[in-house]
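Structure at a glance
Here is how the chains run, residue by residue.
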Amino acid sequence: MTDNIAAEPHTDGYLGDPAVRAEWDDRYADRQQLWSGRPNGALVAEVAGLAPGRVLDVGCGEGADAVWLARGGWDVTALEVSGVALERAAGHARDAGVAIHWVHATLTEAALPPASFDLVSAQYPALLRTPDAAAERALLAAVAPGGVLLLVHHAGMDTQHADDGGFDPADYVWPSMVADLLDDDWEIEVDEQRPRVAPDGGAGAHHTDDLVLRVRRLR
């Protein structure tokens, strides 16, 4: 597949709040590698029965999920706010010899083609909550008829109080908020808490349980 190398991300054309980009760039720059480098267990489990098609990887980080999906035959669009993370992800894609379309933007500013992805995967996304539920609606709007939204998050975090480091769960989108927006156009296939298949190493490895929401767009 040497003729199918991933395009370089355009990290200078970022769409979104500069403060959000700076926060995540700083977080990635602090460590040579932030995540484990392996695909998320819930994604691997839930994608097993799906035919490859077009997939949107929301918050792709250093690219482990995106590369794994591309190797499995998916046409991958990977979205990320951090330019530092995107550069690393692109390097991993080059090493793997897979092509991925990179989008340097927040989800709500990305201007993604509506209703065009067979799978929208959001694994532990840090999506900021707004009064108009913009991020939740953007997740749902990206899914094609017949397609699946897979949203996975750390169980228990949504009920925690704000910590001394400035993290307040009330500022972020959780699976229940997306589920609350579903109408008759959607079917819930999975909505549960389950033990997490946690990779060794990487940030977040201490979380033991996942919230998994998998919904299918009927029309």
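Placed above this text is the structure.
A brief structural summary.

**Digging into the packing of aromatic side chains**
Taken as a whole, this structure holds one aromatic pair when the rule is applied. Each ring, one from Trp24 and one from Tyr28, has its centre 6.3 Å from the other, and the planes form 40°; the classification is tilted. Separated by four residues within a single helix, Trp24 and Tyr28 lie in helix α1 (residues 18-29), roughly one turn from each other. Comparing Trp24 with Tyr28, the two get one shared label, buried. Geometry around Trp24 places Arg27 over its ring, the cationic atom sitting 4.1 Å from the centre. The cationic tip of Arg54 hangs over the ring face of Phe117; the distance from NZ or CZ to the ring centre is 4.9 Å.

**Side note on the side chain of Glu136**
Here Glu136 shows up in helix α5 (residues 134-141). Summary of buried charges: Glu136 has no salt-bridge partner, and the nearest side chain of opposite charge, Arg129, is 5.1 Å away. Excluding residues within four positions of it along the chain, Glu136 makes contact with Val173, Met177, Val178 and Leu181.

Conventions used here
- Residues numbered from 1 in each chain as written.
- Predicted model: local features only at pLDDT ≥ 70, side-chain atom pairs only at ≥ 80, totals over all residues.
- Heavy atoms only, no water.
- Phe/Tyr/Trp six-rings, centres within 6.5 Å; stacked < 30°, edge-to-face > 60°.
- Helix = DSSP H or I, 4+ residues; strand = E, 2+ residues; numbered from the N terminus.
- Buried < 20%, exposed > 50% of the residue type's maximum accessible area, 1.4 Å probe, protein only.
- Lys NZ or Arg CZ within 6 Å of the ring centre and 35° of its normal.
- Lys, Arg positive; Asp, Glu negative; His and termini not counted.
- Salt bridge = Lys/Arg side-chain N within 4 Å of Asp/Glu carboxyl O.
- Contact = heavy atoms within 4.5 Å.

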